[in-house]
Amino acid sequence: MTVPAYGGQLVDLTISDEELTDRLKGVQEAVPLVKHDLINLINIAVGCYSPLHGFMTEEEYGSVISSNRLPEGLNWTIPILLNVKSQPKEKMVALTNTDGDPIAVLEIQSTFELDKEKFCLKTFGTVSNDHPGVQNTLKTPALCIGGPIYMSKSRIEEHRYFCGPQQTRKWLAQTGGKTFTAFSTRNICHLGHEYLHNFALETTDILGINIITGAQIKGNFIPDVLFDTYEYILSSYYPKDRCFINNLRLPPIYGGPKEAFLQAIVLQNYGFSHFIVGRDHAGIGGYYPQYASQQIFSDLADIGMKILTIPEPRFCKICKKVTTERTCKHIGENLRLMNGRDVRRLLLERRYDELKTIIRKDLQELVIKLFEDKTDLGCDELSMERPKQIFYDL
């Protein structure tokens, strides 16, 4: 049995094309959505953001920004807002995709302006212009509209490995398992990740690898590379029917511990009972204290999953294996920290030999070949037919 949705009930705000047409009768105004708005809209509609029924009103936003709670009292950390350039004149508006097609309807219950400095300080913990979340906020309009939405189910974008909480919950229930661990990542699988995966597989029934897409961050691996390499890892090494890949669609937030909490909300709505939270989960640069993303789950206690706060894995050159601070006494230059940034950097600098302490040898060879050729790998084990590049444009 899966855990209850966050707040107790999974929201479903998807409707048929016919019902959307009926709801849009007489609607004269349309609000165009940018990419991150569309991601948020879909997450609201399919229940990823349960118990939200729409973009946040001024009351909801004020409660979240001041107390990390929704007005009803449930913990919430990241405002889900719809920024607009001008105030609509009507109460009901169509929401349109990037092609200008109406895909949803919004009943405006609130119109308000952000104090951007307060928003940044409360959401990101900084007003530094060097923080990418602050940069994005300064570029967006201060005016917001909030209220409940309904979205046409047929207009939900299709993405590789993306499905809503309802389908995932149904699949998890059919496995017969009782405990389901979520692991989330934006990076290629390295040995530290495998250490965490193995812990989850030893202690719980099912492992869901949630690859976060939606933020096209310059220099990051493109999603198809991540999906293909994880397909290879799962098919080659992990137990069949106990692991699966999910496309976790989230806009670029850069919210550190508060973003980690939002991820937990979404993953609980997907039905996971456990969530692995790393040392610098959802962190960016040096803006957040070490282990702050783990501490927030002690400060805010409404999450219904068990949070697995595992110490950071690292490769010990003396022990010649992946260890943590709890299993190995060595320090300093004897340790190699593992992260996706280093994989990208070593590839770009062609320091391939140093990859051996970060990713397994066969995956290393395949990624190097892809990087060098920037074309199809042409191997049976890992077919990279889609991407002609492996990073978003540098």
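Procedures and definitions
- Residues numbered from 1 in each chain as written.
- Predicted model: local features only at pLDDT ≥ 70, side-chain atom pairs only at ≥ 80, totals over all residues.
- Heavy atoms only, no water.
- Pairing = 2+ DSSP bridges.
- Helix = DSSP H or I, 4+ residues; strand = E, 2+ residues; numbered from the N terminus.
- Axes fitted to C-alpha atoms, helices over the stretch in contact; angles between N-to-C directions.
- Contact = heavy atoms within 4.5 Å.
- Phe/Tyr/Trp six-rings, centres within 6.5 Å; stacked < 30°, edge-to-face > 60°.
- Buried < 20%, exposed > 50% of the residue type's maximum accessible area, 1.4 Å probe, protein only.
- Lys NZ or Arg CZ within 6 Å of the ring centre and 35° of its normal.

Visitor: Can you tell me about the sheet that holds strand 14 (residues 314-316), naming the residues and giving the values?
Guide: Strand order across the open sheet formed by three strands is 15-14-16, with antiparallel pairing between neighbours. For this open sheet the edge positions go to strand 15 (321-323) and strand 16 (335-337), each flanked by a neighbour on one side alone. Taken over all neighbouring pairs, the strand axes of this sheet differ in orientation by 35° on average, direction set aside. Bridging between strand 14 and strand 16 involves three bridges; their strand directions are antiparallel. Looking across to strand 16, one finds that Phe315 is bridged to Arg336.

Visitor: Explain the environment of Tyr150 to me, and be specific about the residues and the numbers.
Guide: The residue Tyr150 is located in strand 8 (residues 143-152) in this model. The sequence separation of Tyr150 and Ala94 amounts to 56 residues, and the corresponding C-alpha distance is 9.9 Å. In contact with Tyr150, not counting residues within four places along its chain, are Leu13, Ile15, Leu20, Arg23, Ala104 and Val105.

Visitor: Could you give an account of the packing of aromatic side chains, with specific residues and numbers?
Guide: Aromatic rings considered in pairs are described by the distance between their centres and by the relative angle of their planes. Tallied over the full model, the rule gives ten aromatic pairs. On the numbers, 6.4 Å between centres and 90° between planes, the contact of Tyr232 with Tyr237 is edge-to-face. Since its relative accessible area comes to 7%, Tyr232 is described here as buried. Classification of Tyr237 as partly exposed rests on a relative accessible area of 37%. In textbook terms, an aromatic cluster arises when at least three aromatic residues are bridged by ring pairs, as seen for Tyr61, Phe112, Phe119 and Phe124. Above the ring of Tyr150, the side-chain terminus of Arg23 is found at 3.9 Å from the ring centroid. When the ring centre of Tyr237 is taken as reference, the NZ or CZ atom of Arg360 above it lies at 3.7 Å.

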